[in-house]
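The residues making up each chain are set out below.
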Amino acid sequence: MPHHWHDVDLWLVDSLVVPASVHEVDGRFVHMNAAAERACGHSSAELLGRHFTDLLAPEEREKVAAQFRRAAELGEPTDFETLFVDASGQLRGTRAQHLPLRSGDEIVGVLILAFDARRPQSEPKGPEAQPQLTDRQREILNLIASGQTTSEIAKNLTLSTETVRNHLRGVFREVHAHTRLEAIASARRHGLLAPPVLGPPPRDPGVHAE
């Protein structure tokens, strides 16, 4: 039977200050509020009918799709961190919640909420040892998190590209990562990066994740 989206109060979604989107149980966009439009740089009409994983970093899609299925098929709310690519091509971190939407006993869709990826200070970080980064390594970590390439970082810091690569190797060792994406995710987990509140994408469309 067709889903009756009037059973789900979309105006309530629009009233939220948190970026929020409503999806069919197969993951396709139904509606996105103004806060979500500002956060990702796309309009609700533009994403209508597209799958939510289209906005995710490719490496994250399988993991997040599994979280979505838990909400859509099992009715279990989920809460996790992930990375998405906004309309300007910027790779950005977010904490996402997938909440099942029901009409009677039937799950008719999923509500996705997006929050700032920073962990609360009181939240335990687990038994992992805290990475020890130099000031320069922290600086370079923040630059790769902002989407800059090795050559852009070298130019901005007036370093050789080989020096930047050496610093990157040191960062990867400390945070136990093999790729930039893993390094960013690990750094966020350890509280080494303090991302801004999930807001509009930057104005410069020329900055792309490598």
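For the structure, see preceding data.
In what follows, the accompanying structure is described. (Residues numbered from 1 in each chain as written. Predicted model: local features only at pLDDT ≥ 70, side-chain atom pairs only at ≥ 80, totals over all residues. Heavy atoms only, no water.)

## Considering the overall build of the chain
Point 1. Assigned secondary structure in the chain consists of eight helices and five strands.
Point 2. Taken over 210 residues, the chain has a buried fraction of 47%.
Point 3. For the chain, restricting intrachain contacts to residue pairs at least 6 apart in sequence, the fraction spanning at least 24 positions comes to 53%.
Point 4. Carbon together with sulfur atoms contributes 54% to the accessible area of the chain, which is approximately 11100 Å² in total. (Helix = DSSP H or I, 4+ residues; strand = E, 2+ residues; numbered from the N terminus. Buried < 20%, exposed > 50% of the residue type's maximum accessible area, 1.4 Å probe, protein only. Contact = heavy atoms within 4.5 Å. Areas by Shrake-Rupley, 256 points an atom, 1.4 Å probe, with all protein chains shown as cover.)

## Digging into the pairing of strand E4 (residues 91-103)
Both faces of the sheet carry side chains from a regular strand, because those side chains alternate between them.
Point 1. Pairing analysis gives eight bridges linking strand E3 (residues 78-85) to E4, with the strands arranged antiparallel. If you follow Glu 81 over to E4, its bridge partner there is Arg 95.
Point 2. In sequence, E3 turns back onto E4 through a hairpin of five residues, with Gly 89 there showing a positive phi of about 90 degrees.
Point 3. By the bridge criterion, nine bridges tie E4 to strand E5 (residues 106-115) in an arrangement that is antiparallel. Paired with Arg 95 across the bridge in E5 is Phe 115. (Pairing = 2+ DSSP bridges.)

## Observations concerning the nonpolar core
Point 1. Counting 24 residues, the largest nonpolar core has Ile 140, Leu 141, Ile 144 and Ile 153 as the members making the most contacts within it.
Point 2. Looking at this core, the elements with two or more residues in it are helix H5 (135-145), helix H6 (150-157), helix H7 (161-175) and helix H8 (180-189).
Point 3. Aside from chain neighbours lying at most four places away, what touches Leu 141 is Leu 133, Val 171, Ala 183, Ala 187, Leu 192 and Leu 193.
Point 4. Counting 17 residues, the second largest nonpolar core, distinct from the first, contains Leu 55, Phe 80, Val 110 and Ile 112. (Core = buried A, V, L, I, M, F, W, Y, C linked by side-chain atoms within 4.5 Å.)

## Things to note about the sheet that holds strand E2 (residues 29-32)
Point 1. Taken in spatial order, the five strands of this open sheet run E2-E1-E5-E4-E3, and their pairing is antiparallel. Two strands lie at the open edges of the sheet, namely E2 and E3, each paired on one side alone. If you compare each strand with its neighbour and ignore which way they point, the axes differ by 30 degrees on average.
Point 2. Taken together, the four bridges between strand E1 (residues 20-23) and E5 define a ladder with antiparallel strand orientation. Bridging from a neighbouring strand, Ser 21 pairs with Ile 112 of E5.
Point 3. Across the sheet, helix H4 (residues 61-74) touches E1, E3, E4 and E5, and the angle it forms with E5 is around 140 degrees. (Axes fitted to C-alpha atoms, helices over the stretch in contact; angles between N-to-C directions.)

## Section: unusual backbone geometry
Point 1. In the Ramachandran plot, Thr 158 falls in the positive-phi region, its phi being about 50 degrees despite a non-glycine side chain.
Point 2. Following the sequence through the fold, Thr 158 ends up in the loop between H6 and H7.
Point 3. With relative accessibility at 70%, the residue Thr 158 sits in the exposed group.
Point 4. Positioned with a positive phi, His 176 is a non-glycine residue whose angle comes to about 55 degrees.
Point 5. Tracing the sequence through the fold places His 176 in the loop between H7 and H8.

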